[in-house]
Structures are given as structure tokens and as C-alpha cells.
Amino acid sequence: ENEGFECVIRDYPAENMAWQDFRKELDNNFNILIISVTTPTLYVDLLACDMAKEANPDILTVAKGAHFAAEDKEAMERFRNLDIVIRGEYELAIQELGRNKPLEGILGITYRSNGTIKRNPDRPFLENLDILPLPARHLLDNRLYVRPDTGEMMTSIQTNKGCPARCCYCLVRTVSGSKVIARSPENIASEMEICKEQFGIK
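Residues numbered from 1 in each chain as written. Predicted model: local features only at pLDDT ≥ 70, side-chain atom pairs only at ≥ 80, totals over all residues. Heavy atoms only, no water.

Colleague: Whenever I open this one, the pairing of strand E1 (residues 32-36) confuses me. Can you help?
Modeller: Of the two faces of E1, only one is covered, namely that formed by Leu 33 and Ile 35; the face formed by Ile 32, Ile 34 and Ser 36 stays uncovered. Pairing of E1 with strand E2 (residues 60-64) involves five bridges; the strand directions are parallel. If you follow Ile 32 over to E2, its bridge partner there is Leu 60. (Buried < 20%, exposed > 50% of the residue type's maximum accessible area, 1.4 Å probe, protein only. Helix = DSSP H or I, 4+ residues; strand = E, 2+ residues; numbered from the N terminus. Pairing = 2+ DSSP bridges.)

Take a look at the structure:
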């Protein structure tokens, strides 16, 4: 939004929406579709690429998620309607895609070029998280996210990235690095204030 793009966020499970709802939205002729993917739901999540290309062959289909830190090329080979995967941190890569920056110059992505799959160098981990805009909660229905015990609205605030631990079952070090990078207290407090004053999340 800061770049002047029209952005839409959908959380289909939370909004109790189905594939036919997604298909209807594709009639809005979006330029880019970005899907947040998890490994257990990979095959279902990426059906969205097939539907998007069927509705608009020119749409750019992009997927992000920890899965691609290890299985980026395999995913590209298996899902022919997936144009780009983002490995690791994704915020700046998405911004550059929106700016229509040449793909060969975008760090941390794997993409198709003339029938071949290319893998750009990794993107360095962000050292200053305060440069990122605050989450676009105004694009979501925040009433859908409630505490199970009280029914009150709730949210989560990410205060830092990275982890020095070496847990064998976790990809945080791969996705966000082994160094803990924290947002400033002022930046975190401003997000807390916005959650309370603008959205009534206490």
C-alpha cells in the first residue's frame, strides 16, 4: 500500500470461504497472487495457482513459506502454474515484485525463465525490522480472531526474528537466521496502541 498498490488479503479458512469464492475474486483481474503455504497443506494451497492461471494466464503466481527454504526447485518442477517461490524473508521481495523489478535482480527467489528454473542468491536477513510497515490489519476482519476462552478479539505481534537454538524440527534458523533481531520498544508499542485504539483489540 505504501507503494501505491491496491492490496487485498484473504484468510479463506477464517472467513469460512470456499474455492468458488476464490474463483469469483479472480474476476477482479489481479496482477499478482501471493499464497502463504505450509508443508502439510502444500498440494491443496497450490491449487490456487491452477485456478488463477485458468482465469488469467498473465497473472504472476507467487508462493512463500518455510517449505521453500528447502524444497524450492522441487515445488517449481511439480507445480507448473507456480511462477515464483520466495525463500526466507519475503517482505522486500514482494515489494520488488510489485515494482516490476527484473526477476534476476530479486534476491531470495526461485523462478521460471525461458523454460528453466533459476535460483537467485539468498537475501540477507533484515537487520532493522523497524523499516517494515506495521501489519495491514485494516484489510482483515479482525472479529474473526478471538480467544477461545473468552471470545474476545485477539491478535499476535511479532517482536523479533531469528533464533540461536538448534532444534532439529524447526526451520526458524533457515527462514529467519540464527541471530535474534528485535524491533525497537517504540515500534512495538505503536503497534499495540493501534491494535487497541483503531481495532479495539485489548
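The discussion continues.
Colleague: Whenever I open this one, the packing of aromatic side chains confuses me. Can you help?
Modeller: Working definition: an aromatic ring pair is given by the centre-to-centre distance plus the angle between the planes. Considering all chains together, one arrives at three aromatic pairs under this definition. An angle of 85 degrees between the planes, with centres 5.9 Å apart, marks the rings of Tyr 12 and Phe 22 as edge-to-face. Note that Tyr 12 is positioned in the segment before helix H1 (19-25) and Phe 22 in helix H1, a separation of ten residues in sequence. Assessed through its relative accessible area of 8%, Phe 22 is described here as buried. With a centroid separation of 5.6 Å and 55 degrees between ring planes, the pair formed by Tyr 43 and Phe 79 is classed as tilted. (Phe/Tyr/Trp six-rings, centres within 6.5 Å; stacked < 30°, edge-to-face > 60°.)

Colleague: Looking at this model, I keep getting lost on the environment of Asn 114. Mind explaining?
Modeller: Mapped onto the fold, Asn 114 is located in the loop between strand E4 (109-113) and strand E5 (116-119). Between the C-alpha atoms of Asn 114 and Val 37, which are 77 residues apart in sequence, the distance is 25 Å.

Colleague: Explain the pattern of salt bridges here, please?
Modeller: Where charged atoms of side chains with opposite charge meet at close range, the side chains can pair. Using the criterion set out here, one finds 16 salt bridges in the structure. As a salt-bridge pair, Arg 99 and Glu 3 come within 2.7 Å of each other at their nearest N and O atoms. Here Arg 99, found in the loop between helix H5 (91-98) and E4, pairs with Glu 3, found in the segment before H1; they are 96 residues apart in sequence, far enough to count as distant. For Arg 99, a relative accessible area of 48% gives the class partly exposed. Residue Glu 3 is classed as partly exposed on the basis of its relative accessible area of 33%. Three or more residues joined by partner-sharing salt bridges are found here, namely Glu 89, Glu 91 and Lys 161. (Salt bridge = Lys/Arg side-chain N within 4 Å of Asp/Glu carboxyl O.)

Colleague: Which parts of the structure should I look at to understand the sheet that holds E5?
Modeller: An order of E1-E2-E3-E4-E5 is seen for the five strands of this open sheet, with the pairing classed as mixed. Looking at the sheet topology across the chains shown, the edges are occupied by E1 and E5. Taking each pair of neighbouring strands and ignoring which way they run, the sheet shows an average axis angle of 20 degrees. On the sheet, helix H3 (residues 47-55) packs against E1 and E2 and is oriented at approximately 170 degrees with respect to E1. The strands touched by helix H4 (residues 68-78) within the sheet are E2, strand E3 (84-86), E4 and E5, with E5 carrying the most contacts at an inclination of about 165 degrees. (Axes fitted to C-alpha atoms, helices over the stretch in contact; angles between N-to-C directions. Contact = heavy atoms within 4.5 Å.)

Colleague: I would appreciate a short explanation of a nonpolar patch on the surface in the present structure.
Modeller: Side chains of Trp 19, Val 44 and Leu 47 sit close together on the surface and give an oily, nonpolar patch of about 260 Å² of accessible area. Residue classification places Val 44 among the partly exposed positions, given a relative accessible area of 48%. (Patch = residues over 30% accessible without salt bridge, like charges linked within 9 Å, V, L, I, M, F, W, Y side chains within 5 Å. Areas by Shrake-Rupley, 256 points an atom, 1.4 Å probe, with all protein chains shown as cover.)

Colleague: How do you make sense of the side chain of Asn 187 when you look at a structure like this?
Modeller: By the element assignment, Asn 187 lies in helix H7 (residues 185-199). Of note is the side chain of Asn 187, whose polar atom sits 2.7 Å from the side chain of Arg 183. With residues up to four places along the chain from it excluded, the contact list for Asn 187 reads Asp 130 and Leu 134. (Polar contact = N/O pair within 3.5 Å; in protein donor to acceptor, adjacent residues only side chain to side chain.)

Colleague: Would you mind showing me how to read the nonpolar core here?
Modeller: In this structure, Leu 33, Ile 35, Val 37, Leu 46, Ala 63, Phe 68 and Leu 82 are the most contacted members of the largest nonpolar core, which totals 19 residues. Sequence-distant contacts of Val 37, that is, excluding residues within four places in its chain, are made with Leu 42, Asp 45, Leu 46, Ala 63, Lys 64, Gly 65 and Phe 68. Of all hydrophobic cores here, the second largest spans eight residues; its members include Val 62, Ala 93, Leu 97 and Ile 106. (Core = buried A, V, L, I, M, F, W, Y, C linked by side-chain atoms within 4.5 Å.)

Colleague: Sorry if this is basic, but what is going on with H3 here?
Modeller: Structural remark: α-helix, 3.6 residues per turn; residues separated by three or four positions point the same way. Listed in full, the buried residues belonging to H3 are Ala 48, Cys 49, Ala 52 and Lys 53. Down the axis of H3, the buried set is contained in an arc of 130 degrees. They therefore lie on one face. Packing partners of the buried residues in H3 comprise H1, E1, helix H2 (42-45) and E2. (Arc of directions from axis to C-beta.)

Colleague: Looking at this structure, how should I read the pairing of E4?
Modeller: Looking down a regular strand, the side chains alternate between one sheet face and the other. When you tally the buried positions in E4, you get four out of five residues, the bulk of the element. Looking at chain direction, E3 and E4 are connected through three bridges and run antiparallel. Within E4, the residue paired with Val 85 across the bridge is Thr 110. The pairing of E4 with E5 spans four bridges and is classified as antiparallel. Residue pairing for E5: Tyr 111 is matched across the bridge by Lys 118. From the end of E4 to the start of E5, which pair antiparallel, there are two residues, and Asn 114 there has a positive phi angle of about 50 degrees.

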